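Observations on chain architecture
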Amino acid sequence: MEVIKMSLLESGENYLETILVLTKRNGSVRSIDIAEEMNFTKASVSRAMSILKRDNYIIMEPDGRILLTKDGQKKATAVYDRHVTLTRFINEVLGVDEAIAEKDACRIEHIISPETFAGIKGMLKD
């Protein structure tokens, strides 16, 4: 019997993306790092990590390090790719200030259809 996961909410996607970015930046991630990066309370982060662990997106090591599972890595990478691509599109193609493009991309990345995203990505030259 195949287990079907519920769709990850925007907040969960943001946490996974933050874990990915912090891992790239620092080499390892703990809950306190996520709380500081996202400006959230430790309690909020703790609750979110419990949900992400339950849903098999992360592993919490005994020493407090947080690791992305294969599913977590896949989801985090997809969200990060949408974020970077949309920020670049809004900034470079539409001419919107980079800070505004960054904020707008952060919201759009969670709701954009795969078809629209593919079209935007196809318009950008590497």
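Model, not experiment: these values are computed from the prediction. Every chain is numbered independently, its residues counted from 1 as its sequence is written. Where totals are concerned, whole chains, interfaces and linings use all residues; where local detail is concerned, this predicted model gives features only for residues with pLDDT of at least 70, and gives and counts side-chain atom pairs only at 80 or more. To get the side-chain values, all heavy atoms of the structure are used, and hydrogens and water are removed first.

Our focus in this paragraph is the confidence of the model for the protein. What pLDDT expresses is the predictor's confidence in each residue, scored from 0 to 100. Here the protein shows a mean pLDDT of 91. Residues at 70 or above account for 93%. By definition in these notes, contact holds between two residues if any of their heavy atoms fall within 4.5 Å. Here residues 1–6 scores under 50 on pLDDT; set against residues more than four positions off or in separate chains, the count is four contacts.

Patch membership needs two things, relative accessible area over 30% and no salt bridge, and members are linked within 9 Å if like-charged or within 5 Å if nonpolar (Val, Leu, Ile, Met, Phe, Trp, Tyr). Exposure was quantified through the Shrake-Rupley algorithm and a 1.4 Å probe, taking into account, for residues, occlusion by the shown protein chains and nothing else. What makes a salt bridge here is a side-chain nitrogen of Lys or Arg within 4 Å of a carboxyl oxygen of Asp or Glu, nothing more. Residues Val-93, Leu-94 and Met-123 make up a contiguous nonpolar surface patch of about 290 Å² in total accessible area. Runs of H or I in DSSP of at least four residues are treated as helices and runs of E of at least two as strands, each being numbered from the N terminus. Tracing the backbone shows Met-123 in helix H6 (residues 114–123).

Right, let's get into the pattern of salt bridges. Two side chains carrying opposite charge are able to pair once their charged atoms lie near each other. Applying the stated criterion across every chain, the model contains nine salt bridges. The closest approach of N and O atoms between Lys-121 and Asp-81, which form a salt bridge, is 2.7 Å. One end of the pair, Lys-121, is in helix H6; the other, Asp-81, is in helix H4 (residues 70–93), with 40 residues separating them in the sequence. Relative accessibility decides the category of a residue: with a 1.4 Å probe and only protein chains considered, values under 20% of the type maximum give buried, values over 50% give exposed, and everything between is partly exposed. Look at Asp-81 and you get partly exposed, because its relative accessible area is 27%. If you follow the salt bridges from partner to partner, you end up with Glu-13, Lys-75 and Arg-82 in one network.

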